[in-house]
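# Analysis of the macromolecular model
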Amino acid sequence: YGKGDLDSVEALVREAVEGRRETLGDRHPDTLTSINNLGTVLYGKGDLDSVEALVREAVEGRRETLGDRHPDTLTSINNLGTVLYGKGDLD
């Protein structure tokens with residue numbers, strides 16, 4: 001994708017996050033999926049600091065609502081590892 005395409009995608013995913021936060025709440029599994037998806041879009045744009053904050057939110061929320069070993073929780077944990085690796089933040 002070109003950067004212009006990612007800007008359009010980001011706007012749509014942000015709209016989904018905001019709508020789901022308002023209607024479902026911050027810890028609803030669908031909201032957490034949208035947060036995780038926004039992190040994926042921002043990763044594609046290279047905004048790793050923002051991605052880290054979003055993915056950490058998704059990990060925390062999914063651990064609380066789904067448990068430590070739920071497949072969605074593990075996906076977010078994996079995504080966090082990928083982000084930290086991309087940032088060179090391996091401590």
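Look up: the structure comes first, before these words.
Residues numbered from 1 in each chain as written. Predicted model: local features only at pLDDT ≥ 70, side-chain atom pairs only at ≥ 80, totals over all residues. Heavy atoms only, no water.

Our next topic: the packing of helix α2 (residues 29-45) against helix α3 (residues 48-66). Remark: α2 packs on α3, axes separated minimally by 8 Å, with the N-to-C direction vectors making an angle of 160°. By the angle class used here, α2 and α3 are roughly antiparallel. Along this stretch, α2 crosses α3, giving a crossing that reads as left-handed. Side by side, α2 and α3 meet where Pro29, Leu32, Thr33, Ile35, Asn36, Leu38, Gly39, Leu42 and Tyr43 of the first sit next to Leu48, Ser50, Val51, Leu54, Glu57, Ala58, Gly61, Arg62, Thr65 and Leu66 of the second. (Axes fitted to C-alpha atoms, helices over the stretch in contact; angles between N-to-C directions. Helix = DSSP H or I, 4+ residues; strand = E, 2+ residues; numbered from the N terminus. Parallel < 35°, antiparallel > 145°, perpendicular 65-115°, else oblique. Left-handed = near helix turned anticlockwise from the far one by under 90°. Contact = heavy atoms within 4.5 Å.)

Before going further, it helps to spend a moment on the nonpolar core. If you look at the biggest cluster of nonpolar residues, it comprises 16 residues, and the most contacted ones within it are Ile35 and Leu38. For this core, the secondary structure elements donating two or more residues are α1 (3-24), α2, α3 and α4 (71-87). (Core = buried A, V, L, I, M, F, W, Y, C linked by side-chain atoms within 4.5 Å. Buried < 20%, exposed > 50% of the residue type's maximum accessible area, 1.4 Å probe, protein only.)

Given a rise of 1.5 Å per residue, 17 residues ought to cover 24 Å, and the 25 Å separating the end C-alpha atoms of α2 matches this to within 8%. Those residues of α2 lying buried are Thr31, Leu32, Ser34, Ile35, Asn36, Leu38, Gly39, Val41 and Leu42. Backbone geometry just after α2 places glycine 46 at a positive phi near 85°. (Expected span 1.5 Å × (residues − 1).)

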